[in-house]
Amino acid sequence: MQEINRIACVNAAGFVQEFRVIWDGGRTDLSPRYPNLQSRTIDLRRYNIPDGAEVWVEVHAILGRTKQAKHRVKFVRDHDAVATYRTKGTTLFFEIGLEG
């Protein structure tokens, strides 16, 4: 499982989106809204996430659905790496993939 301390989410979909990071027992604030072909990053060190916790993204398509990613990564506070998720599709039918 990929070890990270930040998560980026690329909007490659046909809508404006916002996202947050989820873990068992918590979640981050929502990112600012952003359009297609842009991305935002959330620094997980700003939150009280247990070291070693599995984390994943939840994307909200503005005027559409909210969906959680199936792929998870591991938060490790002292590991300097970014996991990148990519959203593709439309407001009602979209996928969230974890880039390798």
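Let us look at the structure shown here. Not measured: the values here are computed from a predicted model. (Residues numbered from 1 in each chain as written. Predicted model: local features only at pLDDT ≥ 70, side-chain atom pairs only at ≥ 80, totals over all residues. Heavy atoms only, no water.)

## Here we look at the side chain of Thr87
Within the secondary structure, Thr87 is located in strand E9 (residues 82–89). Residue class for Thr87 comes out buried when judged on its relative accessible area of 0%. Ignoring any residue separated from it by four or fewer positions in sequence, one finds Thr87 in contact with Cys9, Val10, Asn11, Ala12, Ala13, Phe15, Gln17, Val59, Phe94, Glu95 and Ile96. (Helix = DSSP H or I, 4+ residues; strand = E, 2+ residues; numbered from the N terminus. Buried < 20%, exposed > 50% of the residue type's maximum accessible area, 1.4 Å probe, protein only. Contact = heavy atoms within 4.5 Å.)

## Here's the deal with the pairing of strand E2 (residues 6–11)
Two faces belong to every sheet, and in a regular strand the side chains alternate between them. Burial within E2 is extensive, with six of its six residues counted as buried. Residues Arg6, Ala8 and Val10 of E2 are buried on one face, and the alternating residues Ile7, Cys9 and Asn11, pointing to the opposite face, are buried as well. Judged from the six bridges that link them, E2 and strand E5 (residues 38–43) form a sheet pairing that is antiparallel. The residue bridging Asn11 from the neighbouring strand is Gln38, located in E5. Direction of pairing for E2 relative to E9: parallel, over a ladder of six bridges. (Pairing = 2+ DSSP bridges.)

## Looking at the nonpolar core
Membership of the largest hydrophobic core comes to 28 residues, with the highest contact counts inside it found for Ile7, Phe19, Leu44, Val55, Val57 and Tyr85. Looking at this core, the element that brings in the most residues is strand E6 (residues 54–61), giving five residues. In contact with Ile7, not counting residues within four places along its chain, are Phe19, Val21, Arg40, Thr41, Ile42, Leu44, Val55, Val57, Val73, Val82, Ala83 and Tyr85. (Core = buried A, V, L, I, M, F, W, Y, C linked by side-chain atoms within 4.5 Å.)

## Here's the deal with the side chain of Thr28
Along the chain, Thr28 falls in the loop between strand E4 (26–27) and E5. Within the local environment of Thr28, its side chain forms a polar contact with the backbone nitrogen of Val21, the two atoms lying 2.9 Å apart. With sequence-adjacent residues up to four places away left out, Thr28 is seen in contact with Arg20, Val21, Trp23, Ile42, Leu44 and Tyr47. (Polar contact = N/O pair within 3.5 Å; in protein donor to acceptor, adjacent residues only side chain to side chain.)

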